[in-house]
Each structure stands twice: as structure tokens, then as C-alpha cells.
Amino acid sequence: MARHIEIVVAEHPAQVVGERLAAAARLGGHIVLTGGSTPRLAYEHAAELEPDWSATELWWSDERCVPPDDERSNYGMAKTALLDRVTLGKVHRIRGELGRDEGAELYEEELRSLDRLDLVLLGLGRDGHIASLFPNQPTLDVTDRRVVGAEAKLEPFVDRITLTLPPLHGASEVIFLVTGADKADAAKRAFADDPSRETPGSLVRSIRGTTTAVLDAAAAAKL
Ligand code: 6PG
């Protein structure tokens, strides 16, 4: 697999990622949003830069098993930061409220007709996880499904539904957005060290396309 990753250290990483998301929205295609708190600003920038997302289909890297209006919902975060502010195309929400097995099954089905994802945005946990693929978990070995249920190994401790590694590798463009000094160790392990199941972020590189990590100086301190 191509291991190359471009490292971008920026004063305002959310602005950089917001610009990339807006450019992708203009092109149309299948964009994967992610969860956690880091992307919120990037979504807000992207919405300001491009109000027309009608040519775009939105997907999620993972979801917490909560209703969409729960404050822990990844969909809910994206809705207030981005979806409510733009003209939308098709939105493929992961139905976390159905529980991890049924929710994963439905999303697998929804993804079935899709050949490949165009842009995948990912955050990085302090433990090196991406989406809801946590260190050393059996979910990292799944190759016959694109979506699985997962157990949370970091807060919030609610069940998860997550894309597996194959659809992430298959994306034309993978972008990590990582900020803050508490992510510096994980960023080193994910972007500078050898790939390891200890650090799921180190296992994700686009096979045929590009992989970029956009960080602030604090998160990039150990690279
Ligand atoms: C989730 C995520 C997860 C997230 C990282 C970083 O549902 O929690 O999708 O992979 O991106 O945990 O989260 P923060 O940005 O909140 O640090």
C-alpha cells in the first residue's frame, strides 16, 4: 500500500480543512464526515465557503448509538455546524438509535451500491483511534464488511457503528484533522512511525489517491 502522507501544519487547520471540504462539495461526489469535537469549526468554515452541497452525498465514518438529537450524536454535530446551513444533496445518516447490530446492517446495505468514497475526513483520538476503530480491536481485521458495530474504548462510552478499514483505504482522498498538544503522541504514532494495530490511525492510507494530515503546531510537535 502507498504509505505516503502529506503533513500540513497550519495556524488554522480547521480553515484549511474547511476549504478542502468546500472544494469537494463543489465537485460533487461522496464525502465522509467524521465525529468528535475537532471538525466542528471546519464544518462551519466549509458551510460559509460553499452554500450549495446539492451535488454531494454525505456519509459518516462512524456514529455513537444514540438518537440523532442527542448531544453525543456525530450526525447531530454535523447537522448544526454544516447541514442546517447549506443546500443539501443526499444525506446518508448512520442510524445509531437502532443499536450497533441493526444500525451497522442498514448502513452496510446503504453503502452496497457505492463503488468508492471520494473524500474521507477523519479525526484522531488520544489513543490513536480513527472513526470507531480502536487500538488492537478485532474490528481492525474485518475485510468482508464495510460497516461493523463496535465497543467504545474512550469516552463517550456508548456503542458505536463504524466503517471498517477497506472503504477508508479505497477512498480517493483521506484527510486527517488533528489539533491540540494532547494529540501529539498519537499524531507521531499515526503519521511518523511504522503502521501498528496499537494506533489505528497509522493503518489508514489511501491506496490509489492522496492522504493528508492537517495539524496545528501543538499536535505536530513530535513529528
Ligand atoms: C467519534 C469519532 C472519533 C473522533 C476522535 C477525535 O465518534 O468519537 O468519529 O474517531 O474523530 O475521537 O475526537 P475529538 O475531535 O473529539 O478529539
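Above this text sits the structure in question.
Please read these numbers as outputs of a predicted model, since none were measured by experiment.

Caption draft 1: Geometry of the side chain of His92. Locating His92 in the fold gives a position in the loop between strand E5 (87–91) and helix H4 (100–111). Polar contacts involving the side chain of His92 include one to the side chain of Glu57, which spans 2.6 Å. With residues up to four places along the chain from it excluded, the contact list for His92 reads Glu57, Leu58, Trp59, Trp60, Tyr107 and Glu110.

Caption draft 2: Structural view of unusual backbone geometry. Geometrically, the link from Glu155 to Pro156 is a cis peptide bond, its omega value of -5 degrees lying close to zero. If you trace the backbone, Pro156 turns up in the loop between strand E7 (147–150) and strand E8 (160–163). Not every positive phi belongs to a glycine, and Ala131 is a case in point at roughly 45 degrees. Here Ala131 shows up in the loop between strand E6 (119–122) and E7. One non-glycine residue, Asn136, adopts positive backbone phi at about 60 degrees. For Asn136, a relative accessible area of 38% translates into the label partly exposed.

Caption draft 3: Expanded view of the nonpolar core. Within the largest apolar cluster, 63 residues are counted, with the highest numbers of intra-cluster contacts made by Phe176 and Phe191. Setting aside residues no more than four positions away along its own chain, Phe191 makes contact with Ile5, Ile7, Leu124, Phe176, Val178, Arg205, Ala213, Leu215 and Leu223.

Caption draft 4: Region of interest: a nonpolar patch on the surface. Together, Ile7, Val9 and Leu223 make up an exposed nonpolar region whose accessible area comes to about 240 Å². Assignment of secondary structure puts Ile7 in strand E1 (residues 6–9).

Caption draft 5: Structural view of the pattern of salt bridges. For the structure shown, the criterion picks out 15 salt bridges. Several salt bridges share partner residues, and in doing so they unite Glu105, Glu108 and Arg145 into one network.

Caption draft 6: Fine view of the site of the ligand. Near the ligand you find 15 residues, and of these Ser37, Thr38, Asp62, Ala131 and Lys183 are the closest. Separating an oxygen atom of the ligand from a backbone N or O atom of Gly35 is a distance of 3.2 Å. Note that an oxygen atom of the ligand is positioned 2.3 Å from one of the side-chain N or O atoms of Thr38. Summarising the interface, the protein chains cover 88% of the accessible area of the ligand, which totals 410 Å² for the free molecule. The site holding the ligand turns out to be the largest pocket.

Quick notes on the rules
Residues numbered from 1 in each chain as written. Predicted model: local features only at pLDDT ≥ 70, side-chain atom pairs only at ≥ 80, totals over all residues. Heavy atoms only, no water. Helix = DSSP H or I, 4+ residues; strand = E, 2+ residues; numbered from the N terminus. Polar contact = N/O pair within 3.5 Å; in protein donor to acceptor, adjacent residues only side chain to side chain. Contact = heavy atoms within 4.5 Å. Buried < 20%, exposed > 50% of the residue type's maximum accessible area, 1.4 Å probe, protein only. Core = buried A, V, L, I, M, F, W, Y, C linked by side-chain atoms within 4.5 Å. Patch = residues over 30% accessible without salt bridge, like charges linked within 9 Å, V, L, I, M, F, W, Y side chains within 5 Å. Areas by Shrake-Rupley, 256 points an atom, 1.4 Å probe, with all protein chains shown as cover. Salt bridge = Lys/Arg side-chain N within 4 Å of Asp/Glu carboxyl O. Near = heavy atom within 4 Å. 1 Å grid on protein atoms, 1.4 Å probe; cavity = no way out; pocket = protein on both sides within 12 Å on 5 of 7 lines; lining within 4 Å. Sits in = over half its atoms within 2 Å of the grid points.

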